[in-house]
Amino acid sequence: MPIKTGTQYIESLRDGRRLFIDGKVVTDVTDYPPLQGVIGTIAGLCDDQHDAALHRLLACTSPTTGEAVSTTYLEARTRGEFAALAGCFHLRAKRTFGLMGRLTDFMSAFLVDHTVALRALGKTEAAARAQGMVEHCRENDLQVTHALIDPQSDRSTLDAPSQAVQVVERRADGVVVSGCRMLSTLAPVANECYVGPYYPRQPGEEKFVLAFVVPMNAPGLSILARESFHRGEDAFDRPLSSRFDEGDAILMFDRVVVPHDRMIIDGDLAAYNGMLAARPGYTPLQATIRSTMKLRFLAGVATAIARANGRDKLPRFQAAIGELIALVSVAEGIRAGAIAEGIRRAEAFARGEFKIEGDGISEPKAIGVCGGAAINFFFPYANTKAADVLRLAAGSGVLAMTGADYANPEVGPLMDKWLIGPGIDARRRLELMKLAWDMTGSEFGSRAGLYERLYSGDPEINAQRWFRSAITGECEQLVHELLKP
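Residues numbered from 1 in each chain as written. Predicted model: local features only at pLDDT ≥ 70, side-chain atom pairs only at ≥ 80, totals over all residues. Heavy atoms only, no water.

S.K.: What am I meant to see in the overall build of the chain here?
M.R.: A tally of regular secondary structure across the chain gives 17 helices and 12 strands. Relative to a compact globule of 485 residues, whose C-alpha radius of gyration would be 23 Å, the chain shows 24 Å and is just as compact. Taken over the C-alpha atoms alone, the chain extends approximately 70 × 70 × 50 Å along its principal axes. Burial analysis of the chain (485 residues in total) assigns 53% to the buried set. In the chain, once contacts between residues fewer than 6 apart in sequence are set aside, the share between residues at least 24 apart is 77%. (Helix = DSSP H or I, 4+ residues; strand = E, 2+ residues; numbered from the N terminus. Rg over C-alpha atoms; globule rule 2.2 N^0.38 Å. Buried < 20%, exposed > 50% of the residue type's maximum accessible area, 1.4 Å probe, protein only. Contact = heavy atoms within 4.5 Å.)

Here it is in structure tokens:
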């Protein structure tokens, strides 16, 4: 099947899955009101692929079928292909204002990254199965989520907890797994789920060393979703919650059968631990583009709010928003760097090399993944800073009445008379304040702030990884060069 329409995507969700949410068991998510907004948003993205003005950016030709498929699955190797991939990620992030951190774009890049990494590691059979999963998801235009993190049963150690997804039986038709994985964003409205590595496993943990893809309606799979943040409020009052609440879930695998062709890695420690480090970098490229778009959006909301209440004329707020615009410019530089690094890594992989290095003179010898560093540290800081500036720019104005109040004939005319701003009428001012509240004060906004901080995992563990980088030694060596006799 080539690229889906929105209607086809909605129909694909009627698969009899078991979703536990808000105290209910939901088997048809398309009929569950709190999910209608995000389903409609994803359906709109599907329809974008068929828009003549957008098709060339969002779709490309399948190398296996010749059909039109999503560009998000493009295994870019050349400058032109990287430009096409980045353009697709940019447009889809722009359509969702960077607010859907786990849109299937992330998993498209993630799956392609792991396929290429396994190939580079010489894990031929695993790479072939991974490629099969890429083609399955690409050719069927599936929305894919992931479950990468073990349950929080004991966070004092990185050892696999006994509750984690593990092999419990091997059969002729596949591998039977049981256990728990989190935190599966987009799970309530996805078609398939990828279970794979995020932190390394240790020798002796081979039964936990798994990477596979299963449909969301797999027998024995239960989706335990957090409560919905959209509870039927008008889009005027919840402009973001009503459209972009992608959901988060814990996945429970109770003797789920994973067919052999869907089991990418089964007990191979070298493949499991190696494919994160050896990837060419499509995932950080997607993540930096999405995060940059969110930063642009937050800076834009802060600016619009400041203009609506006259704070744009105050030096304090000009400086605060000016800093955000400078951060946007830095983010755009990171995006350019991620593209350049991606090209170099793709070229290195083609030569059979695992990493890129400089000569140590005209450029550093140890070259890190700038996109990975950015999503670990820069974007959590920048987007948190932007949300704080937005809060200050809006002030107590975010504690606003509802759209229904404005529609009330007794108070609406009074609002039009008195609740105005410089060059802005009461309705638009109220609309902006509700947007600011939904971005910073509602459940959706609070989750967005937490999500940004933890987007790429535990910040401390990420920092420890960077400490162990070869770059650390190069930085220290500068000191010894200065002090050498």
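S.K.: How do you make sense of a nonpolar patch on the surface when you look at a structure like this?
M.R.: On the surface, M401, L414, W418 and L419 cluster together to form a nonpolar patch covering roughly 380 Å² of accessible area. Within the secondary structure, M401 sits in the loop between helix 11 (370–394) and helix 12 (403–407). (Patch = residues over 30% accessible without salt bridge, like charges linked within 9 Å, V, L, I, M, F, W, Y side chains within 5 Å. Areas by Shrake-Rupley, 256 points an atom, 1.4 Å probe, with all protein chains shown as cover. Salt bridge = Lys/Arg side-chain N within 4 Å of Asp/Glu carboxyl O.)

S.K.: Is there a simple way to think about the packing of helix 10 (residues 315–350) against helix 11 in this case?
M.R.: Describing two packed helices takes the angle between their axes plus the distance from one axis to the other. The N-to-C vectors of helix 10 and helix 11 enclose an angle of 160°; their axes lie 10 Å apart at closest approach. As judged from the angle between their axes, helix 10 and helix 11 are roughly antiparallel. The way helix 10 lies across helix 11 gives a crossing that is left-handed. Residue classes in the contact of helix 10 with helix 11 are distributed as 19 nonpolar, 1 polar and 4 charged. (Axes fitted to C-alpha atoms, helices over the stretch in contact; angles between N-to-C directions. Parallel < 35°, antiparallel > 145°, perpendicular 65-115°, else oblique. Left-handed = near helix turned anticlockwise from the far one by under 90°. Nonpolar A, V, L, I, M, F, W, Y, C, P; charged D, E, K, R; others polar.)

S.K.: Explanation requested: the pairing of strand 9 (residues 210–215) in the structure shown.
M.R.: Note on strand geometry: in a regular strand, side chains alternate between the two faces of the sheet. Burial analysis of strand 9 places 5 of its 6 residues in the buried class, which makes it a mostly covered element. The sheet contact formed by strand 8 (residues 192–195) and strand 9 spans 4 bridges and is antiparallel. Following the sheet pairing, V195 is matched in strand 9 by F212. The pairing of strand 9 with strand 12 (residues 263–266) spans 3 bridges and is classified as antiparallel. Note on strand 12: the bridge partner recorded for F212 is M263. (Pairing = 2+ DSSP bridges.)

S.K.: Please clarify how helix 4 (residues 79–95) should be interpreted in this entry.
M.R.: Owing to its 3.6 residues per turn, the α-helix brings residues three or four apart onto one side. Taking 1.5 Å of rise per residue, the 17 residues of helix 4 would be expected to cover 24 Å, and the 24 Å separating its terminal C-alpha atoms lies within 8% of that figure. Inspection of helix 4 places F82, L85, A86, G87, C88, F89, L91, R92 and A93 among the buried residues, and these make up the whole buried set. Tucked into the core, helix 4 has its buried residues touching helix 2 (36–48), helix 3 (55–58), helix 5 (104–120), helix 9 (282–308) and helix 10. Positive phi shows up at F97, right after helix 4, with a value of about 60°. (Expected span 1.5 Å × (residues − 1).)

S.K.: When you look at the side chain of T71 in this model, what are you seeing that I'm missing?
M.R.: Mapped onto the elements, T71 comes out in the loop between strand 4 (68–70) and helix 4. Classification of T71 as buried rests on a relative accessible area of 3%. Look past the residues within four positions of T71 in its chain and what remains in contact with it is L57, L58, A59, C60, A84, L85 and C88.

S.K.: Would you mind going over the packing of aromatic side chains with me for this structure?
M.R.: One pair of aromatic rings is described through two measures. These are the centre distance and the angle between the planes. Applying the stated rule across the entire model yields 10 aromatic pairs. When the ring of F106 is compared with that of Y455, the centres are 6.3 Å apart and the planes differ by 80°; the resulting orientation is edge-to-face. With F106 in helix 5 and Y455 in the loop between helix 15 (443–453) and helix 16 (459–467), the pair connects residues that are 349 residues apart, well separated along the chain. Each member of the pair, F106 as well as Y455, is classed as buried. Taking the centre distance of 6.0 Å and the plane angle of 90° together, the rings of F212 and F253 count as edge-to-face. Residue F212 is found in strand 9, and its partner F253 is found in strand 11 (residues 249–258); the two are separated by 41 residues along the sequence. One aromatic cluster in this structure is built from F106, F110, Y194, Y451 and Y455. (Phe/Tyr/Trp six-rings, centres within 6.5 Å; stacked < 30°, edge-to-face > 60°.)

S.K.: Looking at this structure, how should I read the state of the cysteines?
M.R.: In a disulfide, the sulfur atoms of two cysteines are covalently bonded to one another. As enumerated under the stated definition, the model contains 0 disulfides in all. Note on C46: no disulfide assigned, nearest cysteine sulfur contributed by C88 at a separation of 12 Å. Free of any disulfide, C193 has its nearest neighbouring cysteine sulfur in C137, separated by 11 Å. (Disulfide = S-S within 2.5 Å.)

S.K.: Hey, could you run me through the sheet that holds strand 2 (residues 24–26) in this one?
M.R.: To summarise the sheet geometry, strands pair through backbone hydrogen bonds and adopt either a parallel or an antiparallel arrangement. One open sheet holds the 6 strands; their spatial order is 2-1-10-11-7-6, and the pairing between them is mixed. Of all strands in the sheet, those bounded by a partner on one side alone are strand 2 and strand 6 (166–171). For this sheet, the mean angle separating the axes of adjacent strands, direction not counted, is 20°. Judged from the 5 bridges that link them, strand 10 (residues 221–225) and strand 11 form a sheet pairing that is antiparallel. Residue pairing across strands places I223 opposite L251, the latter belonging to strand 11.

S.K.: Would you mind going over the pattern of salt bridges with me for this structure?
M.R.: Two side chains of opposite charge can pair, provided their charged atoms sit close to one another. Under the defined criterion, the tally for this structure stands at 35 salt bridges. The closest approach of N and O atoms between E169 and R255, which form a salt bridge, is 2.2 Å. One end of the pair, E169, is in strand 6; the other, R255, is in strand 11, and 86 residues separate them in sequence. The exposure class assigned to R255 is partly exposed, which follows from its relative accessible area of 42%. Through salt bridges that share partners, R226, D245, E246, D248 and R447 make up one connected network.

S.K.: Help me understand unusual backbone geometry in this model?
M.R.: Only a minority of non-glycine residues have a phi that is not negative, and only a minority of peptide bonds are not trans. With an omega of -10°, the peptide bond running from M182 to L183 counts as cis. The residue L183 is located in the loop between strand 7 (174–181) and strand 8 in this model. Phi at F97 is positive, roughly 60°, even though this residue is not glycine. For F97, a relative accessible area of 31% gives the class partly exposed.

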